[in-house]
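What follows is each chain in one-letter form.
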Amino acid sequence: MELNNKSLFKQKCFINGEWLESSSGETLEVNNPASLEIIGNVPKCSITETKKAIDDANKAFQTWKETTAKERSVILKKWGELITENVDDLAKIMTIEQGKPLAEAKGEILMGATYIEFYAEEAKRVYGDIVPDPRPGKRIVIIKQPVGVVGAITPWNFPNSMITRKCAAALAVGCTTVVKPASQTPYSALAVAVLAKEAGFPDGVFNVITGSASEIGKELTSNPIVRKISFTGSTEVGKILLEQSASTVKKVSMELGGHAPFIVFEDADMDEAVAGALQSKFRNSGQTCICSNRIFVHEKIYDEFLDKFTNEVSKIKVGNGLEDGITSGPLIDKSSLEKVINHVQDAVNTGAKIAIGGDVHSLGGNYYQPTVLSNVSTKAKITFEETFGPVAPLYKFSSDDEVIKMANDTPYGLASYFYSRDIGRIWRVAEALEYGIVSINNGLPTIAEVPFGGVKESGMGREGSRYGLDDYLTIKYISMGGI
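Here goes a summary of the coordinates provided. Just so it is clear, the model here is predicted, and its values are computed rather than measured. (Residues numbered from 1 in each chain as written. Predicted model: local features only at pLDDT ≥ 70, side-chain atom pairs only at ≥ 80, totals over all residues. Heavy atoms only, no water.)

## Section: the overall build of the protein
Each helix and strand counted, the protein has 15 helices and 20 strands in total. Taken over the C-alpha trace, the protein has a radius of gyration of 23 Å; the compact-globule value for 483 residues is 23 Å, and the two agree within 12%. In terms of principal-axis extent, the alpha carbons of the protein reach across some 70 × 60 × 40 Å. Here the protein holds 483 residues, and the buried ones make up 56% of them. Sequence-distant contacts, at least 24 apart, represent 72% of the contacts inside the protein between residues at least 6 apart. Accessible area for the protein stands at about 19,300 Å²; split by element, carbon and sulfur atoms hold 51% of it. In the protein, the 52 positive side-chain charges and the 60 negative ones have mean positions that sit 6 Å from each other. (Helix = DSSP H or I, 4+ residues; strand = E, 2+ residues; numbered from the N terminus. Rg over C-alpha atoms; globule rule 2.2 N^0.38 Å. Buried < 20%, exposed > 50% of the residue type's maximum accessible area, 1.4 Å probe, protein only. Contact = heavy atoms within 4.5 Å. Areas by Shrake-Rupley, 256 points an atom, 1.4 Å probe, with all protein chains shown as cover. Lys, Arg positive; Asp, Glu negative; His and termini not counted. Charge placed at Lys NZ, Arg CZ, Asp CG, Glu CD.)

## Describing the pairing of strand 10 (residues 226-232)
Burial runs high along strand 10: six of the seven residues are buried. Where strand 7 (residues 149-153) meets strand 10, five bridges bridge the pair, whose relative direction is parallel. Paired with Val-149 across the two strands is Val-226, which belongs to strand 10. Where strand 10 lies against strand 11 (residues 251-255), five bridges are found, and the strand directions are parallel. Within strand 11, the position partnered with Lys-228 by the bridge is Lys-251. Taken together, strand 10, helix 8 (residues 235-245) and strand 11 constitute a β-α-β crossover, and its handedness is right-handed. (Pairing = 2+ DSSP bridges. Right-handed = clockwise from strand over helix to strand, strands pointing away.)

## Side note on the pattern of salt bridges
Scanning all chains against the criterion turns up 18 salt bridges. Between Asp-56 and Lys-52 there is a salt bridge whose closest N-O contact spans 2.9 Å. One end of the pair is Asp-56 and the other is Lys-52, both in helix 1 (residues 47-64) and four residues apart, which spans about a single turn. The exposure class assigned to Asp-56 is buried, which follows from its relative accessible area of 8%. The salt bridge partner of Glu-312 is Lys-315, with a shortest N-O separation of 3.1 Å. Among the residues examined, Lys-315 registers a relative accessible area of 55% and is labelled exposed. Here the salt bridges do not stand alone but share partners, grouping Arg-165, Lys-166, Glu-255 and Glu-463 into one network. (Salt bridge = Lys/Arg side-chain N within 4 Å of Asp/Glu carboxyl O.)

## Digging into the packing of aromatic side chains
Following the criterion strictly, the structure yields 14 aromatic pairs and no others. When the ring of Trp-79 is compared with that of Phe-206, the centres are 5.3 Å apart and the planes differ by 65°; the resulting orientation is edge-to-face. Residue Trp-79 is located in helix 2 (residues 69-85), and its partner Phe-206 is located in strand 9 (residues 206-208); the two are separated by 127 residues in the primary sequence. Here Trp-79 falls in the buried class, since its relative accessible area comes to 0%. Relative accessible area serves as the criterion here: at 2%, Phe-206 is assigned to the buried category. Between Phe-305 and Phe-309 the ring centres are 5.4 Å apart and the planes differ by 25°, which places this aromatic pair in the stacked class. Residue Phe-305 and its partner Phe-309 are both found in helix 10 (residues 302-313); the two are separated by four residues, about one turn of the helix. Just as Phe-305 is buried, Phe-309 falls in that class too. Taken together through their ring pairs, the aromatic side chains of Trp-64, Trp-79, Phe-201 and Phe-206 make up a single cluster. Its end group placed over the ring of Tyr-472, Lys-228 keeps NZ or CZ at 3.9 Å from the ring centre. (Phe/Tyr/Trp six-rings, centres within 6.5 Å; stacked < 30°, edge-to-face > 60°. Lys NZ or Arg CZ within 6 Å of the ring centre and 35° of its normal.)

## Some details on the environment of Thr-95
Take Thr-95: it is sitting in helix 3 (residues 87-98). Setting aside chain neighbours within four positions, we find Thr-95 in contact with Lys-100, Pro-101, Leu-102, Ala-105, Gly-321 and Leu-322.

## Notes on the nonpolar core
By size, the foremost hydrophobic cluster in this structure holds 57 residues, and its most contacted members are Leu-76, Trp-79, Ile-83, Leu-171, Phe-201, Phe-206 and Val-208. Listed by contribution, the elements that provide at least two residues to this core are helix 1, helix 2, helix 3, helix 4 (102-122), strand 7, helix 5 (161-173), helix 6 (186-199) and strand 9. Examining the composition of this core, we find that 10 residues originate from one element, helix 6, more than from any other. Counting 32 residues, the second-largest nonpolar core is a separate cluster that includes Ala-34, Ile-290, Phe-309 and Ile-316. (Core = buried A, V, L, I, M, F, W, Y, C linked by side-chain atoms within 4.5 Å.)

## A word on helix 10
A rise of 1.5 Å per residue sets the reference length of helix 10, with its 12 residues, at 16 Å; its end C-alpha atoms lie 16 Å apart and thus fit the reference within 8%. Along helix 10, the residues classified as buried are Tyr-302, Phe-305, Leu-306, Phe-309, Thr-310 and Val-313. For helix 10, the buried positions fall inside an angular range of 120° around the axis, keeping them on one side. Among the exposed residues of helix 10, those pointing more than 90 degrees away from its buried face are Asp-303 and Asp-307. Summarising the contacts, the buried residues of helix 10 are in contact with strand 12 (260-264), helix 9 (270-282), strand 13 (292-298), strand 14 (353-356), strand 15 (371-374) and strand 16 (391-397). (Expected span 1.5 Å × (residues − 1). Arc of directions from axis to C-beta.)

## Concerning the environment of Ile-229
In this structure, Ile-229 sits in strand 10. Relative accessible area serves as the criterion here: at 0%, Ile-229 is assigned to the buried category. In sequence terms Ile-229 and Ala-275 are 46 residues apart; their C-alpha atoms lie 37 Å from each other.

Set out below in C-alpha cells:
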C-alpha cells in the first residue's frame, strides 16, 4: 500500500495510546474485495483486550469529563484538520479494504471531517436550564453531563464517517470511546486513531479494538462500566445488542436496517428524479442503509422513467475503485454477492423483467452488474428484504394513497424519498411517510447538520445535528432550597 504518510497503515489495535497485539497472538486476515488479495492482518482481540480498553477509557473519563468545552473543541478541530490533510491516503486505504471508488472514498473522508468540525463547535453549546420554582425559597437548575464510556460498533460500508459521526459527538461532550470497527474494514478506523493521537487526545480517550464482533460486542454490552452503546448495522444484530445491553440498562443508539422507498409522482421533474434515483440507489454499489430499495413510479410516466433511468444506469463504469473513471466497485464479500443473485433470480421467477444487468459481472469476484428490474411483483423477496446491492426494482402505482400504503408496508423506517412539484402533495406525503428521514427532490440528504436515524425496526436515537449530542448526555435536575 503506497501512502504518502506510511504511519497511517497500522496492523495493531489502539488502547490507551499504545499499539498492541492481541494477548493470544491471534490475528484476522483482511481482504481487498476488488482483487480478493490479502491486504494484511489485525489482532483478533478478545475479552481481555476489550476489558482493558474499557478500564482505560474509564480512567481517562475521570479527567476528560473535567476538561473545558473549549479544550475539547480545540483537539477535535485539530483531529478534523489532520483527517482533511490526509484525505488522499485515507481514501486509498478505504478503497483497498472496502472497494468503493476512490472519489467516493474521498467524499466520505471529507464528510467524516465535517462531523468533527460540527461537533467541535457544538461542544461549546451544551446548555442547561434554570426553571422558575413555584415554591418560595427554592431554585431549580437543569444541567447536562456526559454519560461515560461509550462503546461504538461501526459498519464496513462507511468505515470512516460512521466512526467520526458517533465519536465526535461523544468526545465533544466529555465521553470517552471504545470503537469496534467491522472486521472487513479495520484499517480506516486504525488510521483515524493515528490522527487522533497526533491531534492531542489524552491516552484512553479514543480506543480502537479489532477482532471477534460477537465476543467484543458482548463484553461492551454487558460490562457495567460502559454506559452507552452506539451501533450501526443490521436489525438482526441490533436486536441482539439491545437484549445484551438490557442487563445493565445502558443508553443505546441503534441505526439499523432500511428499506427506502423512492417515489416518483406524475408531476415530478423527470430528469431530476432519474438523477436522484441513480445517486440514491447506486452509491457505494447499493451498499448503504438509506439507498432506495423500492422505486415506485406513477403509471403515467412509468415507461418514460424506465427508459431514461436504464440509459443512465448503462453509463455506470464498474471496476477496481483505484482505477480512473470507475463509478461502482465490488460488493464487500461473497455472501453479499450471493444475496443479490438470490434476490434478482427470485424477482425474475415472480414475473420481473430485466431492463439491464441481472447477472454477475464479467470481472468475476465480488462484482455484480448494475441492474434495473421492471414490473416487479410485490410478492418478490426484494420487495420485503433489504438487498444491499446494485439492483433497482421498479413498481407502478396509480394514486397517492396507494403508494403511501406500499411505501409504509415494511417493518423498517429509516429513509424515504419522493419527487413532486405539488406543494400540497409534498406536505401530505412527507407527513404520511413513516420514516425518520424524508428527502424531497433530493437523492442525497445526509449532512452533518441534520438528525440521522429511523423509526420502527430501523432503530432509535439520532446521529448528526445538535440532536446527536443528546444521546451522549444525561440530564440532572438540581433542586436547591433554603434560599
